[in-house]
Amino acid sequence: MTRGQLARRCGVGPETIRFYERRGLLPEAPRSSGGYRRFGADAVDRLVFIRRAKALGFSLPEIGELLALHDAPGGDRARVKALTETKLEEIEAKMADLDRMRSVLAELAEQCSGRGPVDGCPIIEALANDSREPSSTDTTRSGDSTRHG
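Residues numbered from 1 in each chain as written. Predicted model: local features only at pLDDT ≥ 70, side-chain atom pairs only at ≥ 80, totals over all residues. Heavy atoms only, no water.

## Details of the packing of aromatic side chains
Item 1. Tallied over the entire structure, the rule returns 1 aromatic pair.
Item 2. Both rings, one in F19 and one in Y20, keep their centres 6.0 Å apart while their planes meet at 55 degrees; by these two values the pair is tilted.
Item 3. Judged by relative accessible area, which is 31%, F19 ranks as partly exposed.
Item 4. Given the relative accessible area of 4%, Y20 is considered buried. (Phe/Tyr/Trp six-rings, centres within 6.5 Å; stacked < 30°, edge-to-face > 60°. Buried < 20%, exposed > 50% of the residue type's maximum accessible area, 1.4 Å probe, protein only.)

Put into structure tokens, the structure is as follows:
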């Protein structure tokens, strides 16, 4: 199939396929006598792999490593697991950051009446004042008086 056909079949643009070829994630397909690249079913499988890995948060270099492990005869399953566990740790850290941001924003929203002029708004003051932590030292909803840093 041509690059355009492959792109349509996999739901990506032809430029995405070119990009993956340049990055070494998708091997360049041989050319037909007319000069068009001709991709086989293996290219579909590879693009599906890339898209699934991206959807799970793997970066392109990580996907490249996973593909290399997949392609290597007797690839190292321990390395695949290690990459996955590292990605899981990164996601858990991001989730903790998002939870912290949610808590701080909820606290700021609770402190603001939503009425009156912006001058004196606790949200604006917390965002504008670099020296003040955007959380009060009062008891938070969870009963924890620790700072949200």
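## Observations regarding the nonpolar core
Item 1. Counting residues in each nonpolar core, the largest one holds 23 residues, and the members touching the most others are L6, I17, L26, F39, L47 and I63.
Item 2. Looking at this core, the elements that each hand over two or more residues are α1 (3-10), α2 (14-23), α3 (41-55) and α4 (60-71).
Item 3. Apart from the residues within four sequence positions on either side, I63 is in contact with L25, I50, A53, K54 and F58. (Core = buried A, V, L, I, M, F, W, Y, C linked by side-chain atoms within 4.5 Å. Helix = DSSP H or I, 4+ residues; strand = E, 2+ residues; numbered from the N terminus. Contact = heavy atoms within 4.5 Å.)

## Points about the pattern of salt bridges
Item 1. According to the stated counting rule, one finds 9 salt bridges in the structure shown.
Item 2. With a shortest N-O distance of 2.9 Å, D71 and R46 are connected by a salt bridge. Here D71, found in helix α4, pairs with R46, found in helix α3; they are 25 residues apart in sequence, far enough to count as distant.
Item 3. Judged by relative accessible area, D71 falls into the partly exposed class, the value being 43%. (Salt bridge = Lys/Arg side-chain N within 4 Å of Asp/Glu carboxyl O.)

## Description of the side chain of E21
Item 1. Looking at the secondary structure, you find E21 in helix α2.
Item 2. With relative accessibility at 9%, the residue E21 sits in the buried group.
Item 3. Sequence-distant contacts of E21, defined by excluding residues within four places in its chain, comprise R3, L26, P27, E28, A29, R37 and F39.

## Observations regarding helix α5 (residues 77-111)
Item 1. For α5, spanning 35 residues, the distance from its first C-alpha to its last is 51 Å, which sits close to the expected 51 Å at 1.5 Å a residue.
Item 2. Among the residues making up α5, those that are buried are L83, K87, V104, E107 and L108.
Item 3. In this structure, the buried side of α5 is in contact with α4 and α6 (122-128).
Item 4. By the N-cap criterion, in which a side-chain oxygen at the helix start approaches the backbone nitrogen of a residue two or three places on, α5 is capped by D76, the distance to A78 being 3.1 Å. (Expected span 1.5 Å × (residues − 1). Polar contact = N/O pair within 3.5 Å; in protein donor to acceptor, adjacent residues only side chain to side chain.)

Geometry only, nothing functional implied.
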